[in-house]
Amino acid sequence: MPISTPSLVVLISGSGSNLQAIINAVKNKQIHARLCAVISNRADSFGLQRAKNAGIKTFIIDHRNYHSRENFDSALIERIDECQPDLVILAGFMRILTTRFIQHYADRLLNIHPSLLPKYKGLNTHKRALENAETKHGASIHLVSNELDSGAIVLQAEIPINSSDTQEILAARVLKQEHVIYPLAIALIIDGELTISNNALTYNQKPLTHPLLWQSGLLREQ
Ligand code: GRF
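Remember, it's a predicted structure, so these values are computed and weren't measured experimentally. (Residues numbered from 1 in each chain as written. Predicted model: local features only at pLDDT ≥ 70, side-chain atom pairs only at ≥ 80, totals over all residues. Heavy atoms only, no water.)

(A) Region of interest: the site of the ligand. Around the ligand, the structure places Ser15, Gly16, Ser17, Asn18, Gly92, Ile112, His113, Pro114, Leu175 and Glu178. At a separation of 3.2 Å, an oxygen atom of the ligand approaches a polar side-chain atom of Ser15. Contacts to the ligand include Glu178, whose side-chain N or O atom sits 2.8 Å from an oxygen atom. Notes on the ligand: free accessible area 370 Å², of which the protein chains cover 81%. (Near = heavy atom within 4 Å. Polar contact = N/O pair within 3.5 Å; in protein donor to acceptor, adjacent residues only side chain to side chain. Areas by Shrake-Rupley, 256 points an atom, 1.4 Å probe, with all protein chains shown as cover.)

(B) Molecular detail of the environment of His113. Structurally, the position occupied by His113 is in strand E5 (residues 109-113). Under the relative-accessibility criterion, His113 is labelled buried at 4%. In the structure, His113 is positioned 25 residues away from Gly138 in sequence and 8.9 Å away in space, judged by C-alpha atoms. Here His113 is in contact with Tyr120, Lys121, Gly122, Thr125, Ala139, Ser140, His142 and Asp149, once residues within four sequence places are set aside. Here Tyr120 takes part through its backbone oxygen, which lies 2.7 Å from a polar atom of the side chain of His113. (Helix = DSSP H or I, 4+ residues; strand = E, 2+ residues; numbered from the N terminus. Buried < 20%, exposed > 50% of the residue type's maximum accessible area, 1.4 Å probe, protein only. Contact = heavy atoms within 4.5 Å.)

(C) Unusual backbone geometry, seen in detail. Going from Leu117 to Pro118, the amide bond is cis rather than trans, its omega being 10°. Here Pro118 shows up in the loop between E5 and helix H5 (125-131). At Tyr120, a position not held by glycine, the phi torsion is positive, near 55°. Within the secondary structure layout, Tyr120 lies in the loop between E5 and H5. Residue Tyr120 is classed as buried on the basis of its relative accessible area, which comes to 11%. Even without a glycine there, the phi angle at Asn199 is positive, about 65°. Take Asn199: it is sitting in the loop between strand E8 (194-197) and strand E9 (200-203). The exposure class assigned to Asn199 is partly exposed, which follows from its relative accessible area of 45%.

What follows is the structure in structure tokens.
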């Protein structure tokens, strides 16, 4: 274990079920870090209540109070940097970030996206996967780069699509997987099994050329 406990900051906009999974993983010591702050751009995010219940400091930085993305991101950076975080975790944070923000947190900025990237970047991923008659779907943890949902992929959870799946059923099954792989990816990084340098990933000291895969309850290299 490192001498000082690593610090995490989580950014949310909504329900915060991924945040809850991370809170639980910190509590049960799967993740050897402390949650320094949870920041939401929306005052009505249920995730804020989850954070408060867990005794984590919360902040609302409402994007509507800023003239520009640059000003909003500066306010975020100021608040986040008070925690000197080892990782900044986007968990359903529904704002596009500026290049300055992304570069400021290079190699320590993670996002979760509900699709098997590079497929289905952007919104309505479950609907599009069903419309295209995909046989599998899932979620991805990735580094954040300047292009939306396009940074190096760390870890993916893959599930089969069943013929009876509706958008809602599929979304719920993917979300359940998200709650497994986000804490897992964070734990691997905090424990140094997965390292990030210059946007490149190393797993157990070897370059990670394909995302790690969480499938049927097992972590696999591809
Ligand atoms: C998740 O589906 C995540 O993949 C996406 O936004 C959703 C957030 O859900 N980026 P929650 O707020 O964590 O419940």
